[in-house]
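Structure at a glance
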Amino acid sequence: DGLLQQTVRALKDAVPKMSVITDVALDPYSSDGHDGYVNEAGEIENDRTVEILARMAVAQAAAGADLVAPSDMMDGRVGALRTALDEAGHTQVGILSYAAKYCSAFYGPFRDALDSAPRAGDKKTYQMDPGNAREALREVQLDVAEGADIVMVKPALPYLDIIQAVRAAVPVPV
């Protein structure tokens, strides 16, 4: 019954044919600004994060989301979301994966507007190294194998070469 779920329900009630895509990540809901669960030692816990993200995706699907979009870059999240969605009866809800999300200064204005920059450390431990093109292809292929219906490269403009390589490598929309 959170604000996001209430909004999705209101949108679907007002415009039933509207396609609704929801973001699945922890950073909008945490005071530390990270996309993952941060333990007492200040470390991001991948598996704990994935468990939470799966529950978030199910709640968003139950509210009426047509696509859920995990933007966190945790390992194994697409497969966990697909399993959780299917087990909850949301087999028709798609997954738009932020499959290749680079650690980039382009996010600065967004983080400033939301006051969501990491309070400690940075996102380099789970977002991608801009100099590693092979990692993008590996991450995208893993997400497709886990059940992603659409994949995203973010930010897009400076990575048009990656978008081209991803398009050639996977059978899903980019």
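Everything that follows concerns the structure shown earlier in this document.
A brief look at the structure comes next.

Here is what the cut-offs are and how they apply
Numbering of residues starts from 1 in every chain and runs along the sequence as written. For this predicted model, a pLDDT threshold of at least 70 governs which residues receive local features, and a threshold of 80 or more governs which side-chain atom pairs are given and counted, while totals over whole chains, interfaces and linings are taken from all residues. Side-chain metrics rest on all non-hydrogen atoms present in the structure, leaving aside hydrogens and water. Two strands are counted as paired when DSSP detects at least two bridges linking them. A run of DSSP states H or I qualifies as a helix once it reaches four residues; a run of E qualifies as a strand once it reaches two. Both are numbered from the N-terminal end. Only the stretch in contact is used when a helix axis is fitted, and all axes are lines through C-alpha atoms; the angle between N-to-C directions ranges over 0 to 180 degrees. We define a polar contact as two N or O atoms separated by no more than 3.5 Å, with the added condition that, inside protein, one atom must be a possible hydrogen donor and the other a possible acceptor, whereas residues neighbouring each other in sequence contribute only through side-chain atom pairs. Residue contacts are counted whenever heavy atoms from the two residues lie within 4.5 Å of one another. Take a side-chain nitrogen of Lys or Arg and a carboxyl oxygen of Asp or Glu: if they are within 4 Å of each other, that pair is a salt bridge. Only protein chains enter the accessibility calculation, which uses a 1.4 Å probe. A residue is then buried if its area is under 20% of the maximum for its type, exposed if over 50%, and partly exposed in between. We call a set of buried residues a nonpolar core when its members are Ala, Val, Leu, Ile, Met, Phe, Trp, Tyr or Cys and they connect through side-chain atoms within 4.5 Å of each other. When describing relative orientation, an angle under 35 degrees is termed roughly parallel and one over 145 degrees roughly antiparallel, while 65 to 115 degrees is termed roughly perpendicular and anything else oblique. Two helices that cross are described as forming a left-handed crossing if the nearer one is turned anticlockwise from the farther one by less than a right angle, and a right-handed crossing if clockwise. Any residue that is not Ala, Val, Leu, Ile, Met, Phe, Trp, Tyr, Cys, Pro, Asp, Glu, Lys or Arg is counted as polar, Gly included; the first ten are nonpolar and the last four charged. Here a patch means residues that are over 30% exposed by relative accessible area and free of salt bridges, tied together within 9 Å if like-charged and within 5 Å if nonpolar (Val, Leu, Ile, Met, Phe, Trp, Tyr). Here the Shrake-Rupley method, with its probe set to 1.4 Å, supplies the accessible areas, and only the displayed protein chains count as covering residues.

What follows is about the sheet that holds strand β5 (residues 94–101). Read across the sheet, four strands follow the order β1-β4-β5-β6 without closing on themselves; strand pairing throughout is parallel. Bordering the open sheet on either side are β1 (21–24) and β6 (150–154), each of which pairs with just one other strand. Ignoring which end each strand starts from, the neighbouring axes of this sheet average 25° apart. Where β5 and β6 come together, four bridges link them in parallel fashion. Its bridge partner lying in β6, Lys101 is registered against Lys154.

Here we come to the side chain of Arg77. Position of Arg77 among the secondary structure elements: in helix α3 (residues 77–87). Side-chain polar atoms of Arg77 contact the side chain of Asp143, separated by 3.1 Å. Discounting residues that sit within four places of it in the chain, Arg77 has contacts with Val50, Leu53, Pro70, Asp72, Ser97, Tyr98, Ala99, Asp143 and Glu146.

This brings us to the pattern of salt bridges. Inspection of every chain in the model, using the stated rule, returns seven salt bridges. For Arg9, the salt bridge is made with Asp1, and the minimal N-O distance between the two is 3.8 Å. Exposure remark for Arg9: the relative accessible area of 31% places this residue in the partly exposed category. Residues Glu51 and Arg48 are paired through a salt bridge, measuring 3.5 Å at the closest nitrogen-oxygen approach. On the criterion of helical spacing, the pair formed by Glu51 and Arg48 is a turn pair, its members being three residues apart in helix α2 (residues 46–63). The exposure class assigned to Glu51 is partly exposed, which follows from its relative accessible area of 45%.

Here we take up the nonpolar core. Side chains that are nonpolar tend, in soluble globular proteins, to be buried together. In terms of nonpolar packing, the biggest core is built from 29 residues, with Val68, Leu81 and Val151 touching the most fellow members. Of all elements in the fold, only α2, α3, β5, α5 (133–146), β6 and α6 (160–169) reach the threshold of two or more residues within this core. Counting residues per element, this core draws most heavily on α2, which supplies six residues.

This next bit is on the environment of Gln60. By the secondary structure assignment, Gln60 is in helix α2. Distance from Gln60 to Gln6, taken between C-alpha atoms, is 9.6 Å for residues 54 residues apart in sequence. When neighbours within four sequence positions are excluded, Gln60 is seen to be in contact with Leu4, Gln5, Thr22, Asp23, Val24, Ala65 and Val68.

A few words now on unusual backbone geometry. With an omega dihedral of -5°, the bond running from Lys154 to Pro155 counts as a cis peptide bond. Within the secondary structure layout, Pro155 lies in the loop between β6 and α6. Positive phi outside glycine occurs at Met73, with the angle close to 70°. Assignment of secondary structure puts Met73 in the loop between β4 (67–70) and α3. Take Met73: its relative accessible area is 5%, and that puts it in the buried class.

A few words on the packing of α5 against α6. One can describe the packing of α5 onto α6 by two numbers: an axis separation of 10 Å at closest approach and a directional angle of 40°. Taken together, α5 and α6 sit at an angle that is classed as oblique. The hand of the α5/α6 crossing is right-handed. Here α5 contributes Ala133, Ala136, Leu137, Val140 and Gln141 to the contact with α6, which in turn contributes Ile162, Ala165, Val166 and Ala169. Residues that form the contact of α5 with α6 fall into these classes: eight nonpolar, one polar and no charged.

Here we come to a nonpolar patch on the surface. Taken together, the side chains of Leu11, Val15 and Met18 present a nonpolar region at the surface, about 200 Å² in accessible area. Of note, Leu11 is situated in helix α1 (residues 3–14). Look at Leu11 and you get partly exposed, because its relative accessible area is 33%.

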